[in-house]
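Coordinates in review
As a plain string of letters, each chain reads:
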Amino acid sequence: MIITTVRVVIALTLNLFTISAVNAAPQSIAVLNAQGQPAQNMVVYLLPSNPASSVTTAAPHKAEVHQKDKQFSPYITVVQKDTDVAFVNEDDITHHIFSALGPKRFSFKLRHQQQQQILKFEQTGHVSMGCNVHDWMSGHLLIVDTPFFAVTNLQGKVTFEHLPADDFKLVVWHPQLKMPDNQQVKPVHFPSDDTITITLHAEFDSIPSQQSLDEFEFLEGY
């Protein structure tokens, strides 16, 4: 009887530890620009201080970068490293997608008959993309070493579910943010009863226009 009671107490203790180790309440983060207005389309990711906190049973986020109306859509995509990214051509023309800088360099043609090309990104970092056929097209991939990432909505907010209790490095990134490595960092701790707010200290470069000045399509048989 005593042994059974001890086992029950140990089991209950372990269950309580498991419940407390993962924060079940959603955690919100708000990003404001230098003028105090919501900053949308900002990458937000969390780097836990304990490497074990990055272990999760959640399935990796599937990512797709579309070419539509001769633009990259979305303009910014964030994925966890070792994730496949599908490049999907929705236009009825050929694109020649390339990246000459960053952790993975590539170059491939994507004809309209060929709907997609899949690449795996094994290293973290910023991948800037273009199109050799349509030189105004630009897009960006950010590969991170954490399962905790998101992009801010119109209200400048992201929400994370089931974060482990830990100290984190909160990173806000955008390719046009005029700061070292295009990012701003803030130490935070979760769980937190309040929304975490980070105000950016810098302005943004202009996002390049995603359209051609010409009205004709060239390289018909490219």
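Now for a look at the structure at hand.

Quick notes on the rules
Residues numbered from 1 in each chain as written. Predicted model: local features only at pLDDT ≥ 70, side-chain atom pairs only at ≥ 80, totals over all residues. Heavy atoms only, no water. Helix = DSSP H or I, 4+ residues; strand = E, 2+ residues; numbered from the N terminus. Contact = heavy atoms within 4.5 Å. Areas by Shrake-Rupley, 256 points an atom, 1.4 Å probe, with all protein chains shown as cover. Buried < 20%, exposed > 50% of the residue type's maximum accessible area, 1.4 Å probe, protein only. Pairing = 2+ DSSP bridges. Axes fitted to C-alpha atoms, helices over the stretch in contact; angles between N-to-C directions. Polar contact = N/O pair within 3.5 Å; in protein donor to acceptor, adjacent residues only side chain to side chain. Phe/Tyr/Trp six-rings, centres within 6.5 Å; stacked < 30°, edge-to-face > 60°. Lys NZ or Arg CZ within 6 Å of the ring centre and 35° of its normal.

This paragraph deals with the overall build of the protein chain. Scanning the protein chain from N- to C-terminus turns up one helix and 18 strands. For the protein chain, the share of sequence-separated contacts (at least 6 apart) that also reach a separation of at least 24 residues comes to 64%. For the protein chain, the accessible area works out to roughly 12800 Å², and carbon and sulfur atoms hold 54% of it.

Following S73, the chain continues to P74 via a peptide bond in cis, the omega torsion being 0°. Along the chain, P74 falls in the loop between β5 (71-73) and β6 (76-80). The omega torsion across F190 and P191 is 10°, close enough to zero to call that bond cis. Relative to the helices and strands, P191 resides in the loop between β17 (183-190) and β18 (196-199). We note that D181 has phi near 60°; this positive angle belongs to a residue other than glycine. By secondary structure assignment, the location of D181 is in the loop between β16 (166-173) and β17. In this structure D181 comes out as exposed when scored by relative accessible area, which is 60%.

Here we come to the sheet that holds β6. Whether parallel or antiparallel, the strands of a sheet pair through hydrogen bonds between backbone atoms. One open sheet holds the five strands; their spatial order is β6-β12-β11-β8-β9, and the pairing between them is mixed. Both edges of this open sheet fall to β6 and β9 (106-110), since each of them pairs with a single strand only. Between one strand axis and the next, the sheet turns by 20° as a mean value, whatever way the strands run. Alignment of β6 against strand β12 (residues 138-144), held across five bridges, turns out to be parallel. Note that in β12 the partner of V78 across the bridge is L142.

Moving on to the sheet that holds strand β10 (residues 116-121). The strand order across the open sheet built from four strands is β5-β4-β7-β10, with neighbouring strands paired in mixed fashion. Of all strands in the sheet, those bounded by a partner on one side alone are β5 and β10. Averaged over all pairs of adjacent strands, the angle between strand axes in this sheet comes to 25°, irrespective of strand direction. Relative to β5, strand β4 (residues 63-68) is paired through three bridges, and the arrangement is antiparallel.

So, on to the environment of N89. Along the polypeptide, N89 turns up in strand β7 (residues 83-89). From its side chain, N89 meets the backbone nitrogen of D91 in a polar contact 2.9 Å long. Among the polar contacts listed, one links the side chain of N89 to the backbone oxygen of I93, at a separation of 2.9 Å.

Turning next to the side chain of T146. Counting through the fold element by element, T146 comes out in the loop between β12 and β13 (149-151). Residue classification places T146 among the buried positions, given a relative accessible area of 0%. Among the polar contacts made by the side chain of T146, one reaches the main-chain carbonyl oxygen of L46 at a distance of 2.7 Å. Polar side-chain contacts of T146 include one of 3.1 Å to the backbone nitrogen of F148. Excluding residues that lie within four positions of it along the chain, T146 makes contacts with Y45, L46, L47, P48 and Q80.

Within the structure shown, the criterion is met by six aromatic pairs. Consider the rings of F87 and F106, whose centres lie 5.7 Å apart with planes at 55°: the pair is tilted. Here F87, found in strand β7, pairs with F106, found in strand β9; they are 19 residues apart in sequence, far enough to count as distant. Overall, the relative accessible area of 0% leaves F87 in the buried class. Members of the aromatic cluster, joined through ring pairs, are F87, F106, F108 and F121. We note K104 situated over the ring of F121; from NZ or CZ to the ring centre the distance is 5.9 Å.

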